Amino acid sequence: MMQITTISLIVLAVTLRSSALDTPFPPGSGSHGTAIAPSACPCEESWMCDPVNVTHAKEVFVFHVIRPNQPTIYQHFNWTRLTTISLAGNASLVDPQLICYAHQRNVRVTLLVSFPQDQLPNATARTAWVQQQLSTTQAMFVDGLDMDIENDMKYADELTQLIVETKQTFSSWNNNTQISFAIGTYEAPGYNFQQMAPHLDLMFAMAYDMVSRTTASSNDPLPTVSSKLDDLMNKYGIPASKLILGSPWYGYDFPCTSLKNHTCPYVRPDPAWLITTTYADAMQRVSTYNATGPFTDPSGSQSVFYEYTKDSVQHQMWVDGPPQIALRSQLARTKGLKGVGTWYVGCMDYTKGLVGDAANMWQAMNSFVDQP
């Protein structure tokens, strides 16, 4: 994935990400800079500033990108089944009341963080980083970290040492803290997931960015997702009891070099995030350009796409909606996974509150918990 300095955004499974999402925590936020200075508990009750001490039988784990113009958008999320919300973005823009709001509902708040792979052999750097993360966690009254270190791994043993030190340090402070790791569902040489798993509370499988490099296609074809989950459990030794299936609430808008019989060859841009779209933006384009669809993928991906023309260029746009997300939740239940989640909840339109597609998307994800 693209390595982002300081606290990073999660990056897509095959080194893709929208620049609109690349808003790392700034220096001084505790990722590679000086730890955030301690502050007074912002909540009405002091217990709301402690890590959540509730054990959830099933997990609904989502990522929330902090935006400067949306400080309280989290109030429109569906918190009824939520268990973990991981924050990405500028730490100074985090509404302190978000922590209170979450903890009052027994929802853990974690920070999405990264560590430079070339520094993994440096034990001193690892220890300094862990201490900075702990200081930031304490200062912000959050519950832990979601670690995201991608690309081919050259230092598997050192990565495990970083995870072990992080988990031990955080647990020594408070045994209710949570350390998770975002893993790609693609083949990433060098990772020892079986070695990492015992020292992590959860492992978030980024089951997306599986698009073809030459022809418009699904972001997360269900048969491929199913196969990759089997590999993570059976080939790489990750227990289902720690595995979260992460699905995308964003898609891809492919500009076709031609479009015939729903076949859309395209020239892959560099970087590929240039053609990503949130679900809300996709639905706006459907309306604005009178797109046709949704069409069901005949290849069996259990995904849908739309077609439209803009400025004489034909487009084929693939994005999962509530019915497709519900199928992913059903897959996670069938495989006995710990939970489901998404990158990222801000892809929906909350201008009118939790209604319409936004409400339905949450319900589709939550069906993992709600269905027997």
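Residues numbered from 1 in each chain as written. Predicted model: local features only at pLDDT ≥ 70, side-chain atom pairs only at ≥ 80, totals over all residues. Heavy atoms only, no water.

Attention shifts here to the packing of helix α5 (residues 222-235) against helix α7 (residues 322-334). Axis separation between α5 and α7 bottoms out at 11 Å; the angle between their running directions is 25 degrees. It follows from the interaxial angle that α5 and α7 lie roughly parallel. Considering how the two elements wind past one another, α5 and α7 form a crossing that is right-handed. Only Leu327, Arg328 and Leu331 of α7 make contact with α5, whose side of the interface consists of Leu222, Val225, Ser226 and Leu229. (Axes fitted to C-alpha atoms, helices over the stretch in contact; angles between N-to-C directions. Helix = DSSP H or I, 4+ residues; strand = E, 2+ residues; numbered from the N terminus. Parallel < 35°, antiparallel > 145°, perpendicular 65-115°, else oblique. Left-handed = near helix turned anticlockwise from the far one by under 90°. Contact = heavy atoms within 4.5 Å.)

With that settled, the discussion passes to the packing of aromatic side chains. The description of an aromatic ring pair rests on the distance of the ring centres and on the angle between the ring planes. Following the criterion strictly, the structure yields 20 aromatic pairs and no others. With a centroid separation of 5.5 Å and an interplanar angle of 50 degrees, the aromatic rings of Phe63 and Trp343 are classed as tilted. With Phe63 in strand β1 (residues 59-65) and Trp343 in strand β13 (residues 339-343), the pair connects residues that are 280 residues apart, well separated along the chain. Overall, Phe63 belongs to the buried group, its relative accessible area being 0%. Stacked on the ring of Phe368, the Lys or Arg Lys58 has its end atom at 5.5 Å from the ring centre. Directly above the aromatic system of Tyr101 lies the positively charged group of Arg105, at a separation of 3.6 Å from the ring centroid. (Phe/Tyr/Trp six-rings, centres within 6.5 Å; stacked < 30°, edge-to-face > 60°. Buried < 20%, exposed > 50% of the residue type's maximum accessible area, 1.4 Å probe, protein only. Lys NZ or Arg CZ within 6 Å of the ring centre and 35° of its normal.)

Our next topic: unusual backbone geometry. Here Asp270 and Pro271 are connected by a cis peptide whose omega angle stands at 5 degrees. Mapped onto the elements of the fold, Pro271 is located in the loop between β8 (250-255) and β9 (276-278). Here the residue pair Gly293 and Pro294 is connected by a cis peptide bond, since its omega of 10 degrees sits within 30 degrees of zero. Relative to the helices and strands, Pro294 resides in strand β10 (residues 292-296).

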